[in-house]
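Single-letter residue listing:
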Amino acid sequence: MDNMDDEKNWFRRLAPADRAGHRLVCFPHAGGAASYFLPVARALAPEVDVVGVQYPGRQDRRNEPGIGDIGELADRIHELMRKWASEPLALFGHSMGAVIAFEVARRLRRDSPGRPLHLFASGRRAPHLQRGDMVHLRDDAGIAAEVRSLGGTESLLLEDPEVLAMILPALRSDYRAVETYRFAPDGPPPCPITVLTGDQDPHTTVEEAREWVHHSGDPFDMRVFPGGHFFLSSSATGVLALLSDHFEASGSSLAIGPRSDRPGARYRA
């Protein structure tokens, strides 16, 4: 497979914005697909070109084996993103995607320590914190039960036995990747990080989310939204406003709703 085909496999331009001044690369959660970020792309276009990462093992890549290692995922994605080395980039990762985005950011920073780069880490505790989760070792029913407990779009899909059989391999591979990940402290200078978390997320407390400050360059920002693990859906207005503010400050002309309607408690280190 040549590099162009590989790029098309891994990246989805969800609302193509050829003249956008900014690019936001979005990394989905375990079991998730690039299409999860379609509402973000539609809201931010045409000022921001939103690119969703499509991991192997789901949707149109369902016949490919999943990759159960965060380092390998980050290496594969980083290699394809190196061509954007001269452009300012923002990365947005949710849950497992936050860990992959963080590792990709470290690799991009190693390539070019001074490049404009910003990481949005959503729905995930800081990389150095471990809980000893072992969902990937459960049987199929156990993995399905875990996904249902978190809500989100995948929990509805699991009610169909045929769909369940189709997506379980990707889920198991994703859980293996994120649960066996171990942070290695050596690395390039950090980039600025904005953390998003839900105040009722069973997998990330506010305190665990705040620990991202130890991996961030200046500035570090954190926003706490009402909701559980998938607060991105229940608090979509506030999340989009946060992104709008970021790109507006970076020179875009975005404006998504009046500022008085933008929820989410802000914490600054």
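Described in the following lines is the structure provided in the data block.

Rules used throughout
- Residues numbered from 1 in each chain as written.
- Predicted model: local features only at pLDDT ≥ 70, side-chain atom pairs only at ≥ 80, totals over all residues.
- Heavy atoms only, no water.
- Helix = DSSP H or I, 4+ residues; strand = E, 2+ residues; numbered from the N terminus.
- Buried < 20%, exposed > 50% of the residue type's maximum accessible area, 1.4 Å probe, protein only.
- Areas by Shrake-Rupley, 256 points an atom, 1.4 Å probe, with all protein chains shown as cover.
- Pairing = 2+ DSSP bridges.

## Observations concerning the overall build of the protein chain
Phase 1: Helix and strand counts for the protein chain come out as ten helices and eight strands.
Phase 2: Going through the 269 residues of the protein chain one by one, you find that 56% of them count as buried.
Phase 3: A total accessible area of about 11900 Å² is found for the protein chain, and carbon and sulfur atoms account for 52% of it.

## Notes on the environment of Ala-141
Phase 1: Tracing the sequence through the fold places Ala-141 in helix α5 (residues 140-150).
Phase 2: In the structure, Ala-141 is positioned 27 residues away from Leu-168 in sequence and 9.7 Å away in space, judged by C-alpha atoms.

## With respect to the pairing of strand β6 (residues 192-198)
Phase 1: Most of β6 sits out of view: seven of its seven residues are buried.
Phase 2: Going residue by residue along β6, you find Pro-192, Thr-194, Leu-196 and Gly-198 tucked away on one face and Ile-193, Val-195 and Thr-197 tucked away on the opposite face as well.
Phase 3: As judged from the four bridges shared by strand β5 (residues 117-122) and β6, these two strands associate in the parallel manner. Paired with Phe-120 across the bridge in β6 is Thr-194.
Phase 4: Where β6 and strand β7 (residues 217-225) come together, seven bridges link them in parallel fashion. The partner of Ile-193 across the bridge, within β7, is Phe-220.

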